[in-house]
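Take a look at the letters that make up each chain.
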Amino acid sequence: MAVRLYNTLSRRVEDFQPLKQGRVTMYTCGPTVYDTAHVGNFRTFLFEDILRRFLRWKGYEVVQVRNLTDVDDRTIHAAVAKGVSLRELTDPFIDAFFSDHDRLGLERAEHYPRATDYVPQMVKLVEQLVERGLAYEADGSVYFDISEFPSYGELAQLDRASLREGRETGDAAYDREDARDFVLWKGGERPEEGDVATWDSPWGSGRPGWHLECSVMATEHLGQPFDIHSGGVDLIFPHHTNEIAQAEGATGEPFARFWLHAKHALLDGRKMSKSENHYYTVDDLVGKGYRASAIRRLLISGHYRAELNFTLAGLDDAARSVERLVELRRRLTASRSDQPGLPPTRLPELAARALEAFEAALDDDLNIAEGWGALFVLVREANGELDGAGERVPAADADTALDALASIDSVFGVLALAEREEVAVPEALRAWIEDRLAERAMARTERDYARADAIRGELAERGIEVEDTPSGSRWRLAR
RNA sequence: GGCGCCGUAGCCAAGUGGACUAAGGCGGGGGCCUGCAAAGCCCCUAUUCGUGGGUUCGAAUCCCACCGGCGCCUCCA
């Protein structure tokens with residue numbers, strides 16, 4: 001089946017086919033690196049990671065661009081406030097972004113262009129727009145003339161006539177012909193911005209408007225048109241609307257074919273917000289003892305077009321459900337046996353069914369919640385098979401189930417993270433545990449259960465959980 | 001004022017006209033297993049989908065009204 005995706009342009013779910021057979025080009029709006037990204041930002045980035053991974057799962061080659069916005073009002077103001085250059089300000093935040101990015105198990109995109117590396121190309125785009133009569137200069141700044149671009153606002157389904165006549169504050173310094181026109185190049189006097197962001201241009205020194213970078217960096221790396229452009233819902237207007245106006249205005253060619261937008265994550269029912277200090281960063285949560293695998297699990301638990309309510313209780317639930325996956329994988333691995341004559345199991349059938357249901361769910365506009373459903377049905381039924389088979393199943397059967405788990409996790413990516421999180425136990429501790437367990441086994445043989453339970457308690461105090469199985473006791477670190 | 005979204009069990013969350021006798025996760029209750037646990041499995045936990053009307057042979061799914069919550073409307077993922 002083909003992948004179907006909800007296209008904001010048409011407001012419908014459409015069959016997705018890349019322009020070039022077998023190769024998908026996608027531009028995913030990245031962070032503004034004026035501060036550390038919060039988990040709400042990563043909700044969107046993770047949705048795009050799922051999209052990328054699922055397209056690869058379907059056999060497509062993916063070329064993804066994720067931009068790093070290092071020049072805009074916020075980076076400039078922060079740099080001025082700190083008395084540092086734009087680079088000095090943004091470099092650490094870019095490092096922090098990649099650190100969180102990797103901790104949450106996002107696959108790396110093919111390109112991470114930063115806006116300040118593309119200013120000459122942006123200037124060129126503005127020149128093209130001026131040449132085509134879609135932009136005009138006024139007092140060293142250049143504005144996009146929306147009256148010359150009839151389809152302006154289509155993505156956002158905006159009725160141009162009803163657009164507000166600009167903001168009440170802030171833009172008084174700019175001399176626009178129409179308050180709804182947006183700035184392409186900010187020139188003139190900008191005393192509050194210092195000189196941290198100034199480039200030469202045909203209109204004098206200045207700096208690019210925010211939307212320019214994406215039009216330029218997308219087409220530079222992906223050509224025009226390219227397949228998918230995505231971001232958070234808040235970007236539909238004005239950002240994506242203006243990107244379209246710029247790129248299509250300059251070339252007369254369509255910009256992006258599919259526009260995908262993720263709804264926001266809420267925190268305890270309220271919008272996450274930096275300005276109101278209502279948010280968590282990955283570091284905040286790791287500091288509280290939560291695992292990245294649980295954060296990832298929670299952030300990709302629901303449909304990307306539905307709001308996601310992020311809570312610490314939800315994070316606990318997510319952690320438990322990840323454990324269930326880890327436990328099944330452990331059981332399957334431990335149960336695979338080469339002993340001849342073992343009765344066949346239903347594992348291959350269950351695995352095949354899970355993969356089929358998983359694919360159908362994700363094909364349907366990335367219905368990830370339904371995908372989780374398919375996975376956990378496999379978990380339950382496979383556990384049942386292992387119960388029935390006394391923890392010994394033909395290796396080939398176990399492998400089909402393990403392969404299905406791995407396949408689904410190549411999209412969800414939480415098992416891979418959980419695996420990475422397993423901490424190495426020092427040899428000395430390991431030896432002590434084994435020693436205690438040997439003593440406990442002895443006690444159990446002698447039916448001295450008081451002593452056996454005392455030893456179990458002793459281990460528990462050190463964070464070691466003991467499980468007794470028919471083939472002996474095993475232990476693990478308490479999660 | 002304009003555009004749009006949502007309201008499903010204690011919590012999270014799929015399903016959006018008929019196979020729904022409503023997935024899945026977490027939690028809770030009971031059982032099996034166990035020396036006891038843990039893990040796992042089984043059963044139960046929404047005769048019902050915000051409320052009230054309507055359309056239809058049939059509605060959680062469509063329409064209307066109301067109640068409640070949310071987003072965007074010029075530099076927020």
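If you're wondering where the values come from, they're calculated on a predicted model, not measured in any experiment.

Details of the pairing of strand S1 (residues 4-7)
Thinking step 1. The two faces of S1 differ: Leu-5 and Asn-7 on one face are buried, but Arg-4 and Tyr-6 on the other face are not.
Thinking step 2. Note that S1 and strand S2 (residues 12-15) share 4 bridges and pair antiparallel. Bridge pairing links Asn-7 to Arg-12 in S2.

Describing the nonpolar core
Thinking step 1. Core analysis: the largest hydrophobic core is formed by 123 residues, its most contacted members being Val-126 and Leu-184.
Thinking step 2. At 9 residues, the largest contribution of residues to this core is made by helix H1 (residues 39-57).
Thinking step 3. Composition of this core by domain shows at least three residues from each of domain 1 (16-262) and domain 2 (284-421).
Thinking step 4. The residues contacting Leu-184, other than those within four sequence positions of it, are Val-126, Leu-129, Ala-135, Val-142, Tyr-143, Phe-144, Gly-209 and Leu-212.

Notes on the packing of helix H10 (residues 347-363) against helix H11 (residues 368-388)
Thinking step 1. Look at H10 against H11: their axes get within 7 Å of each other, and the N-to-C directions meet at 170°. By the angle between their axes, H10 is roughly antiparallel relative to H11. Here Leu-347, Leu-350, Ala-351, Ala-354, Ala-357, Phe-358, Ala-361 and Leu-362 of H10 lie close against H11, whose contacting residues are Ile-368, Glu-370, Gly-371, Ala-374, Leu-375, Val-377, Leu-378, Glu-381, Ala-382 and Glu-385.
Thinking step 2. Residues belonging to the contact of H10 with H11 are distributed by class as follows: 14 nonpolar, 1 polar and 3 charged.

Structural notes on helix H13 (residues 414-421)
Thinking step 1. Among the residues making up H13, those that are buried are Val-414, Leu-415, Leu-417 and Ala-418. Buried positions in H13, seen along its axis, are confined to an arc of 160° and lie on one side of it.
Thinking step 2. Residues of H13 that are buried in the fold lie against helix H8 (292-299), helix H9 (312-335) and helix H12 (395-412).

Observations regarding the sheet that holds strand S5 (residues 135-138)
Thinking step 1. In space, the 4 strands of this open sheet follow the order S5-S6-S7-S8, with antiparallel pairing throughout. Single-partner strands in this sheet number two, and they are S5 and strand S8 (207-208).

So, the environment of Tyr-143
Thinking step 1. Position of Tyr-143 among the secondary structure elements: in strand S6 (residues 141-144).
Thinking step 2. Owing to 25 C-beta atoms within 10 Å, Tyr-143 belongs among the buried residues under this scheme.
Thinking step 3. On a C-alpha basis, the gap between Tyr-143 and Leu-129 in space is 9.6 Å, while along the polypeptide they are 14 residues apart.

Considering the domain arrangement of chain A
Thinking step 1. Domains assigned within chain A are domain 1 (16-262), domain 2 (284-421) and domain 3 (427-477).
Thinking step 2. If you average the C-alpha positions of domain 1 and of domain 2, the two centres end up 37 Å apart.
Thinking step 3. Contacts between the two partners involve 14 residues from domain 1 and, on the opposite side, 16 residues from domain 2.
Thinking step 4. Sort the elements by how many residues they give to the side of domain 1 that touches domain 2 and H1 lands first, with 10 residues.
Thinking step 5. Across the side of domain 1 that touches domain 2, the residue classes tally to 10 nonpolar, 1 polar and 3 charged.

A few points about the protein's contact with RNA strand B
Thinking step 1. What surrounds RNA strand B is a group of 69 residues, the closest being Gly-40, Arg-180, Trp-210, Gly-232 and Gly-373.
Thinking step 2. Take the surface near RNA strand B: its biggest share by element is 11 residues, from H11.
Thinking step 3. The class makeup of the residues in the surface near RNA strand B is 23 nonpolar, 22 polar and 24 charged.

Some words on the sheet that holds strand S4 (residues 61-66)
Thinking step 1. Taken together, the 4 strands give an open sheet; going across it, the order is S4-S3-S9-S10, and neighbouring strands pair in parallel fashion. Both edges of this open sheet fall to S4 and strand S10 (256-262), since each of them pairs with a single strand only. With direction set aside, neighbouring strand axes in the sheet form an average angle of 20°.
Thinking step 2. In terms of strand pairing, strand S3 (residues 23-28) meets S4 through 6 bridges, oriented parallel. Paired with Met-26 across the bridge in S4 is Gln-64.
Thinking step 3. The strands touched by H1 within the sheet are S3, S4, strand S9 (226-232) and S10, with S4 carrying the most contacts at an inclination of about 160°.

Brief notes about the pairing of S4
Within a regular beta strand, the side chains point alternately toward one face of the sheet and then the other, so they alternate between its two faces.
Thinking step 1. When you tally the buried positions in S4, you get 5 out of 6 residues, the bulk of the element.
Thinking step 2. The β-α-β motif built from S3, the intervening H1 and the parallel element S4 has right-handed crossover chirality.

Criteria and thresholds
- Residues numbered from 1 in each chain as written.
- Chains lettered and ligands numbered in written order.
- Predicted model: local features only at pLDDT ≥ 70, side-chain atom pairs only at ≥ 80, totals over all residues.
- Buried ≥ 20, exposed ≤ 12 C-beta atoms within 10 Å, placed from the backbone.
- Helix = DSSP H or I, 4+ residues; strand = E, 2+ residues; numbered from the N terminus.
- Pairing = 2+ DSSP bridges.
- Core = buried A, V, L, I, M, F, W, Y, C linked by C-beta atoms within 7 Å.
- Domains from an automatic or database assignment.
- Contact = placed C-beta atoms within 7 Å.
- Axes fitted to C-alpha atoms, helices over the stretch in contact; angles between N-to-C directions.
- Parallel < 35°, antiparallel > 145°, perpendicular 65-115°, else oblique.
- Nonpolar A, V, L, I, M, F, W, Y, C, P; charged D, E, K, R; others polar.
- Arc of directions from axis to C-beta.
- Near = placed C-beta within 6 Å.
- Right-handed = clockwise from strand over helix to strand, strands pointing away.

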